[in-house]
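Listed below are the residues making up each chain.
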Amino acid sequence: KFSEVGQKLRDKLEIRGGVQVVSIERDGLLGRSGIKEGFVITYINDRPVNSINDLKRLSDKIATIDGIYPNGQALRYVIVE
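A. Highlighting the pairing of strand E3 (residues 40–44). The buried fraction of E3 amounts to 4 of the 5 residues, a majority that puts the element mostly inside the structure. In this sheet, E3 lies alongside strand E2 (residues 19–21) in antiparallel orientation, the contact comprising 2 bridges. Residue pairing for E3: Val19 is matched across the bridge by Ile41. Two strands pair when backbone bridges link them, and E3 and strand E5 (residues 64–68) are joined in this way by 4 bridges, in the antiparallel orientation. Its bridge partner lying in E5, Ile41 is registered against Gly67. Adjacent in sequence and paired antiparallel, E3 and strand E4 (residues 47–48) are bridged by 2 residues, among which Asn45 carries a positive phi angle near 55°.

Below, the structure is given as structure tokens:
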């Protein structure tokens, strides 16, 4: 599950937008990739993700997920199937 990122967190992390991971299914794509709850997704396949609507528009197979945790740690996850 995902939620929109509030202005306070966007200001803290110095990002324009993103979608925060609220819960994860362990056997789902995010769980298998090692992404943890709280991670803010900012790019998927090098395309910006600013809202949940951006996630719904994704049609390509997901190869990379970029983002940042609330503690400021920025990471790129590479999806290997």
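B. Representation of unusual backbone geometry within the structure. Positioned with a positive phi, Glu14 is a non-glycine residue whose angle comes to about 60°. The phi angle at Asn45 is positive, at roughly 55°, despite the residue not being glycine.

C. Representation of the nonpolar core. If you look at the biggest cluster of nonpolar residues, it comprises 13 residues, and the most contacted ones within it are Ile35, Phe39, Ile41 and Ile65. Residue assignment for this core shows that the elements contributing at least two residues are E2 and E3. In this structure Ile65 touches Leu30, Ile35, Phe39, Ile41, Tyr43, Ile44, Leu75, Arg76, Tyr77 and Ile79, once residues within four positions along its chain are discounted. Core analysis: the second largest hydrophobic core is formed by 6 residues, Val5, Leu13, Ile15 and Ile68 among them.

D. The arrangement of the pairing of E5 in detail. Among the 5 residues of E5, 5 are classified as buried, and the element is accordingly described as predominantly covered. Here E5 shows a buried face lined by Thr64, Asp66 and Ile68 and a second buried face lined by Ile65 and Gly67. Two strands pair when backbone bridges link them, and E5 and strand E6 (residues 74–78) are joined in this way by 5 bridges, in the antiparallel orientation. The partner of Gly67 across the bridge, within E6, is Leu75. Hairpin connection, E5 to E6: the antiparallel pair is bridged by 5 residues, and Gly72 has positive phi, about 95°.

E. Structural view of the environment of Ile44. One can find Ile44 in strand E3. With 22 residues separating them along the chain, Ile44 and Asp66 place their C-alpha atoms 6.3 Å apart. Non-local contacts of Ile44, meaning those with residues more than four positions away in its chain, are made with Val49, Leu55, Leu58, Ile62, Thr64 and Ile65.

Calculation rules
Residues numbered from 1 in each chain as written. Predicted model: local features only at pLDDT ≥ 70, side-chain atom pairs only at ≥ 80, totals over all residues. Heavy atoms only, no water. Buried < 20%, exposed > 50% of the residue type's maximum accessible area, 1.4 Å probe, protein only. Helix = DSSP H or I, 4+ residues; strand = E, 2+ residues; numbered from the N terminus. Pairing = 2+ DSSP bridges. Core = buried A, V, L, I, M, F, W, Y, C linked by side-chain atoms within 4.5 Å. Contact = heavy atoms within 4.5 Å.

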